[in-house]
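As a plain string of letters, each chain reads:
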Amino acid sequence: MKLALIAGSNRKNASSTILLRYVERVLASRNIEVAFVELAELPLPLYSPDDAIHPNALTLRQAVEDADGLILATPEYHNSVSGTLKNALDYLDIGLVKGKPVLSVSSAGGPIGFGSLQHLQGIVRGLHGVNCPEWISIGYGSNAFGPDGAPADEGVSIRIEGAVKELTDMARALAPLAAEAI
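This text gives an overview of the structure that appears in the document. Everything numeric in this text was worked out from a predicted model, so none of it was measured.

## What to know about the overall build of the protein chain
And step 1. Helix and strand content of the protein chain: six helices and five strands.
And step 2. Helices (α) and strands (β) of the protein chain occur, in sequence order from the N terminus, as β-α-β-α-β-α-α-β-α-β-α.
And step 3. The C-alpha radius of gyration computed for the protein chain amounts to 15 Å, which stays within 12% of the reference 16 Å derived for 182 residues, consistent with globular compactness.
And step 4. For the protein chain, with 182 residues in total, the buried portion stands at 50%.
And step 5. Within the protein chain, counting contacts between residues at least 6 apart in sequence, those at least 24 apart form 78% of the total.
And step 6. Surface exposure of the protein chain reaches about 8,700 Å², of which carbon and sulfur atoms provide 53%.

Below you can see the structure in the form of structure tokens.
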């Protein structure tokens, strides 16, 4: 199994990216291959269907195409996803995501990133992906990390373990269906 993890912040040391790096470690402990796409290090021009596909967009598209499932992480800005992540997702088409399970992850300035999660799940539906019924969101009070990069809040770690299990179970179950969709 291979999962594509897309960190949707362009901020250095973004808590959503730190959280996604921890998820990457959880997946590695389960021997799951990961393609980590950090949009802060893979800048994309504003999407336009009139332009040729940017080389960085080809890298993003290949990671998604090769994956059995996706994990999308975003900071919450104005009750929605980051413009950086939305722009990257605009470079994807239905054929790359259709039938694949997608776990939504957010980091909010408030207690929970509910608006960004809702918007992200709507985008996933538009790409014909399958939203994982679990999600991960951290906010003030639960967004601290230890020196090892693990969440300081044990409840967050437990939630991550459960969400990752749900996603990987879905990926195993949906893999034959996603292959047929191609």
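From this point, the discussion proceeds with the structure in view.
## Notes on the packing of aromatic side chains
And step 1. Taken as a whole and judged by the stated rule, the model has one aromatic pair.
And step 2. Between Tyr 47 and Tyr 91, the ring centres sit 5.0 Å apart and the planes meet at 80 degrees, which makes this aromatic pair edge-to-face. In this pair, Tyr 47 is assigned in the loop between strand E2 (33–38) and helix H2 (55–66) and Tyr 91 in the loop between helix H3 (83–90) and helix H4 (94–97), connecting sequence segments 44 residues apart.
And step 3. Tyr 47 sits in the partly exposed class, given a relative accessible area of 36%.

## Remarks on the nonpolar core
And step 1. Core analysis: the biggest nonpolar cluster contains 27 residues, and Ile 6, Leu 60, Val 64, Leu 70, Leu 72, Leu 92 and Val 97 have the highest contact counts within it.
And step 2. For this core, the element with the highest residue contribution is H2, accounting for four residues.
And step 3. Leu 27, Ile 32, Ile 71 and Val 105 belong to the second-largest nonpolar core, a separate cluster that totals 26 residues.

## A closer look at the sheet that holds strand E5 (residues 130–138)
And step 1. Spatially, E2-E1-E3-E4-E5 is the arrangement adopted by the five strands of the open sheet, whose pairing is parallel. The sheet is open, and its two borders are formed by E2 and E5, each paired with just one other strand. Averaged over all adjacent pairs, the angle separating strand axes in this sheet is 15 degrees, with direction ignored.
And step 2. Bridge count between strand E3 (residues 69–75) and strand E4 (residues 101–107): six bridges; the pairing is parallel. The partner of Pro 75 across the bridge, within E4, is Ser 107.
And step 3. H2 rests against strand E1 (2–7), E2 and E3 of the sheet, and its axis sits at about 145 degrees to E1.

## Here we look at helix H5 (residues 114–126)
And step 1. Look at H5: 19 Å from first C-alpha to last across 13 residues, which is about the 18 Å you get at 1.5 Å a residue.
And step 2. Listed as buried for H5 are Gly 115, Ser 116, Leu 117, Leu 120, Gln 121, Ile 123 and Val 124.
And step 3. In this structure, the buried side of H5 is in contact with E3, H3, E4 and E5.
And step 4. His 128, located one to two residues past H5, shows a positive phi value of around 65 degrees.

## Observations regarding the side chain of Ser 16
And step 1. By the secondary structure assignment, Ser 16 is in helix H1 (residues 15–29).
And step 2. For Ser 16, a relative accessible area of 1% puts it in the buried group.
And step 3. Those residues in contact with Ser 16 that lie beyond four places of it in its chain are Ser 9, Ala 73, Thr 74, Pro 75 and Ser 107.

## Looking at the environment of Ala 67
And step 1. The topology assignment puts Ala 67 in the loop between H2 and E3.
And step 2. Taking the C-alpha atoms as reference points, Ala 67 and Met 1, separated by 66 residues in sequence, lie 7.7 Å from one another.
And step 3. Those residues in contact with Ala 67 that sit more than four places away from it in its chain are Lys 2, Leu 3, Ala 4 and Lys 100.

## As for the pairing of E2
And step 1. Strand direction decides the pairing type here: E1 and E2, joined by six bridges, are parallel. Across the sheet, Lys 2 pairs through a bridge with Glu 33, a residue of E2.
And step 2. Note on the crossover from E1 through H1 to E2: the handedness is right-handed.

Quick notes on the rules
- Residues numbered from 1 in each chain as written.
- Predicted model: local features only at pLDDT ≥ 70, side-chain atom pairs only at ≥ 80, totals over all residues.
- Heavy atoms only, no water.
- Helix = DSSP H or I, 4+ residues; strand = E, 2+ residues; numbered from the N terminus.
- Rg over C-alpha atoms; globule rule 2.2 N^0.38 Å.
- Buried < 20%, exposed > 50% of the residue type's maximum accessible area, 1.4 Å probe, protein only.
- Contact = heavy atoms within 4.5 Å.
- Areas by Shrake-Rupley, 256 points an atom, 1.4 Å probe, with all protein chains shown as cover.
- Phe/Tyr/Trp six-rings, centres within 6.5 Å; stacked < 30°, edge-to-face > 60°.
- Core = buried A, V, L, I, M, F, W, Y, C linked by side-chain atoms within 4.5 Å.
- Pairing = 2+ DSSP bridges.
- Axes fitted to C-alpha atoms, helices over the stretch in contact; angles between N-to-C directions.
- Expected span 1.5 Å × (residues − 1).
- Right-handed = clockwise from strand over helix to strand, strands pointing away.

Nothing here speaks to function; it is geometry throughout.
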